[in-house]
Amino acid sequence: MPKVYTCFCTDIIHEGHLNIIREAEKLGELTVGVLPDDQMISYNRFPTKTTEERMEMIRGIPGVKDVIEQKQIMYDEVVREFRPDYIVHGDNWGDSAMQAIRANIVKLLAEYGGQLVEIPYTHNEGVEKLDRQMREKLAMPEFRRGRLHKLLNMVPVVKTLEVHSGLTGLIAEKTIVARGEKISQFDAMWISSLCDSTEKGKPDIELVDMTSRFRTIDDVLEVTTKPIIFDGDTGGLTEHFVYTVRSLERMGVSAVIIEDKTGLKKNSLFGTQVEQTQDSIENFCDKIAMGKKAQLSDDFMIIARIESLILGKGVDDALGRARAYVKAGADGIMIHSRQKTPDEIFEFCDAFRKDDPDTPIVVVPTTYDTVTEEELGSHGINIVIYANQLLRAAFPAMESTARCILENGRAHEADSSLMSVHDIITLIDEL
Ligand code: SPV
Ligand code: MG
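Let me begin by describing the structure that accompanies this report.

## Regarding the overall build of the protein
And then number 1: Scanning the protein from N- to C-terminus turns up 18 helices and 17 strands.
And then number 2: The C-alpha atoms of the protein give a radius of gyration of 24 Å, which matches the 22 Å a tight globule of 431 residues would have.
And then number 3: Counting the 431 residues in the protein, one finds 51% classified as buried.
And then number 4: Contacts spanning at least 24 positions in sequence make up 75% of the contacts within the protein whose residues lie at least 6 apart.
And then number 5: A total of about 20,800 Å² of accessible surface is found on the protein, and carbon and sulfur atoms cover 53% of it.
And then number 6: If the 50 positive side-chain charges of the protein are averaged to one point and the 71 negative ones to another, these points end up 1 Å apart.

Here it is as structure tokens:
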């Protein structure tokens, strides 16, 4: 009997999957692989079932001889161990990441004469409806809110991208790349005060009010499913912060990060060039504790951001504050720095981890941007935020286009650096 293999990365079985199983079964004895959570997250939607539940779901389907866990998205291990005569896959190799998987399969099968069989993808109303329902379920506040918590236990470092609109939300939601043997996409989104303010043509001094910032969140929520971390600046007055917590929870935001500054807040990347005042430990602990008391859901996170390194007060001051904030109820610590190297961040994290192995640590490597996610992970860091790169990419591109039109008295010269008219009018799908 020829050995047939296919791999599923899904929470639901629809007509398209059953069709693949029917076709695969005709070729020989069928084994189905199931990807574990971390691999599923790396290139597909967030799983709503456990790996074991996904395996069980497939075991029950007639025609399936065996179900195994495929530990990696690339097929090297499974093909070398199992040596299938046929690998069966849908022909929907859409993006470059999927193409990399296809190339991997073709290369491995060529080593011993195995064959890739591609089954036409099933496009019908039922399949599309189920797909849409899954997506919408993931976007619901009660499903989305707790996802950051879950991610912290599933991936080594939660990769978070700054977004400030529906469009940038879509970039964070959909961008996916093949990186060597891995597929990679962002896990979460950051609503930055710097970028949200700048996008509105305002300085980053808590001038843009919460109603307007919630409007930005709402635009992002409407078109995405990934969890949101909100930059809550100083959190404002404690009496106001408790209301912000409730509103964010209700919207389905996963976490708010508040920084221990008081008075007129300026952006941290100014460092000591501008006057900035750090809050007292006592006051800030009170704000955290009141926020936690106001919180209604179990899984919303209040993360305390420490500005000691930004203000030149040193690692010991940061460590003392971190311990106090955790004691006051903070669900995580963000430690910020504007140095060119991650040295002081690593010094802080290594010392903090000595007596606190669990509290999540968040970093924003804007100035020390040569550091890799792997290095951050090895110092016990759990969340990395790429806090402003999308907006910094967009502004020079837009400004240079505006200049080019003025310089030439027409738009023709700018056209070669623009996306096509076809691409812009088809970028956003209709329901
Ligand atoms: C933001 O993105 O608004 C931040 C991070 O707070 S930073 O700009 O580095 O202060
Ligand atoms: Mg900010």
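## Considering the site of ligand 1
And then number 1: Trp 190, Ser 192, Ser 193, Leu 194, Asp 231, Asn 267, Ser 268, Leu 269, Arg 305, His 336 and Ala 387 make up every residue found near ligand 1.
And then number 2: At a separation of 2.8 Å, an oxygen atom of ligand 1 approaches a polar side-chain atom of Ser 192.
And then number 3: Contact with the protein chains hides 99% of the accessible area of ligand 1, taken as 280 Å² for the molecule alone.
And then number 4: Of the pockets mapped on this structure, ligand 1 occupies the largest cavity.
And then number 5: Along the lines of polarity and charge, the residues of the shell around ligand 1 split into four nonpolar, five polar and two charged.

## Digging into the sheet that holds strand β16 (residues 361-363)
Picture the strands of a sheet paired through backbone hydrogen bonds; they go either parallel or antiparallel.
And then number 1: One closed barrel accounts for eight strands, arranged β6-β9-β10-β11-β14-β15-β16-β17; its pairing is parallel. Sheet twist, expressed as the mean angle between neighbouring strand axes with direction ignored, is 25 degrees.
And then number 2: Judged from the three bridges that link them, strand β9 (residues 188-191) and strand β10 (residues 228-231) form a sheet pairing that is parallel. Looking across to β10, one finds that Met 189 is bridged to Ile 228.
And then number 3: Here helix α15 (residues 343-355) sits on the sheet and contacts β14 (301-306), β15 (332-335) and β16; the angle it forms with β15, its principal contact strand, is near 155 degrees.

## Overview of the packing of aromatic side chains
And then number 1: Going through the model one piece at a time under the given rule, you end up with six aromatic pairs.
And then number 2: What links up through ring pairs into an aromatic cluster is the set Tyr 5, Tyr 75 and Phe 82.
And then number 3: Above the plane of the ring of Tyr 112 lies Arg 83, whose end atom (NZ or CZ) is 4.2 Å from the centre.
And then number 4: Its end group placed over the ring of Phe 46, Arg 147 keeps NZ or CZ at 5.2 Å from the ring centre.

## A few points about the nonpolar core
And then number 1: Grouped together as the largest cluster of nonpolar side chains are 49 residues, with contacts concentrated most on Ile 217, Leu 248, Tyr 325, Ile 335, Ile 345 and Phe 348.
And then number 2: Not counting the four nearest positions on each side in its chain, Ile 217 is found in contact with Ile 191, Ile 228, Phe 230, Leu 248, Met 251 and Val 253.
And then number 3: Among the nonpolar cores identified, the runner-up in size contains 23 residues, and Ile 73, Met 74, Val 79 and Ile 101 belong to it.

## Some details on the coordination of the magnesium ion (ligand 2)
And then number 1: Summarising the metal site, the magnesium ion (ligand 2) is bound by the protein donors Ser 193 (OG) and Asp 231 (OD), whose distances to it range over 2.1 to 2.2 Å. Of this pair, Ser 193 sits in helix α10 (residues 193-199) while Asp 231 sits in strand β10, placing them 38 residues apart in sequence. Assigned by exposure class, Ser 193 and Asp 231 land together as buried.

## Points about a nonpolar patch on the surface
And then number 1: A cluster of nonpolar side chains, Leu 167, Met 419, Val 421, Ile 424, Ile 425, Leu 427 and Ile 428, forms an exposed patch at the surface whose accessible area comes to about 700 Å².
And then number 2: Examining the composition of the nonpolar patch, we find that three residues originate from one element, helix α18 (residues 421-426), more than from any other.
And then number 3: Note on placement: Ile 425 falls in helix α18.

## A word on the environment of Ala 97
And then number 1: Along the chain, the position of Ala 97 falls in helix α5 (residues 96-110).
And then number 2: Spatially, the C-alpha atom of Ala 97 lies 6.5 Å from that of Ile 176, the residues being 79 residues apart in sequence.
And then number 3: Not counting the four nearest positions on each side in its chain, Ala 97 is found in contact with Ile 176, Val 177, Ala 178 and Ile 183.

What counts, and where the lines are drawn
- Within any chain, residue numbers begin from 1 and follow the written order of that chain's sequence.
- Chain A is the first chain written and ligand 1 is the first ligand written, with later ones labelled in order.
- Owing to the predicted nature of the model, reporting of local features is limited to residues with pLDDT of at least 70; listing and counting of side-chain atom pairs is limited to 80 or more, with chain, interface and lining totals taken over all residues.
- Here the side-chain values reflect all heavy atoms present in the structure, with hydrogen atoms and water set aside.
- In this description a helix means any DSSP run of H or I spanning at least four residues, a strand means any run of E spanning at least two, and both kinds are numbered starting from the N terminus.
- Note that the radius of gyration is over C-alpha atoms, with the globule rule given as 2.2 Å times the number of residues to the power 0.38.
- A simple rule labels every residue: compare its accessible area, found with a 1.4 Å probe on the protein chains alone, to the largest value its type can have, and call it buried under 20%, exposed over 50%, or partly exposed in between.
- Residues are treated as being in contact if the distance between any of their heavy atoms lies within 4.5 Å.
- For the area figures, the Shrake-Rupley method with a 1.4 Å probe applies, and any residue is considered shielded solely by the protein chains shown.
- Charge convention: Lys and Arg are scored as positive, Asp and Glu as negative, and His as well as the terminal groups of each chain are ignored.
- Where a charge lies is defined by one atom per residue type: Lys uses NZ, Arg uses CZ, Asp uses CG and Glu uses CD.
- Nearness of a residue to a molecule or strand requires only that one of the residue's heavy atoms be within 4 Å of it.
- Here a polar contact is recorded for every N or O atom pair within 3.5 Å, except that within protein the pair must consist of a potential hydrogen donor and a potential acceptor, and residues adjacent in sequence are included only if both atoms are side-chain atoms.
- We place a 1 Å grid over just the protein atoms. Points where a 1.4 Å probe fits but has no way out form a cavity, open points with protein on both sides within 12 Å along at least 5 of 7 lines form a pocket, and any residue with an atom within 4 Å of a point lines it.
- By definition, a pocket or cavity contains a molecule when more than half of the molecule's atoms lie within 2 Å of the pocket's grid points.
- Each residue is assigned to one of three groups, with Ala, Val, Leu, Ile, Met, Phe, Trp, Tyr, Cys and Pro labelled nonpolar, Asp, Glu, Lys and Arg labelled charged, and all others, Gly among them, labelled polar.
- Whether two strands pair depends on DSSP finding at least two bridges between them.
- Between N-to-C directions, angles span 0 to 180 degrees; the directions come from axes that are lines fitted to C-alpha atoms, helices contributing only their stretch in contact.
- Pairing of aromatic side chains requires ring centres within 6.5 Å, counting the rings of Phe and Tyr and the six-membered ring of Trp. Pairs whose planes differ by under 30 degrees are stacked, by over 60 edge-to-face, and all others tilted.
- Placement of a charge over a ring requires the Lys NZ or Arg CZ to be within 6 Å of the ring centre, with the centre-to-atom vector within 35 degrees of the ring normal.
- Buried Ala, Val, Leu, Ile, Met, Phe, Trp, Tyr and Cys residues that are joined via side-chain atoms within 4.5 Å together make up what is termed a nonpolar core.
- Atoms are scored as donors when they are N, O or S and lie within 2.8 Å of the metal, with 3.2 Å used for Na, K and Ca; no water is included, so coordination may look incomplete.
- Exposure above 30% relative accessible area and the absence of a salt bridge qualify a residue for a patch, where like charges join within 9 Å and nonpolar side chains (Val, Leu, Ile, Met, Phe, Trp, Tyr) within 5 Å.
- We define a salt bridge as a side-chain nitrogen of Lys or Arg found within 4 Å of a carboxyl oxygen belonging to Asp or Glu.

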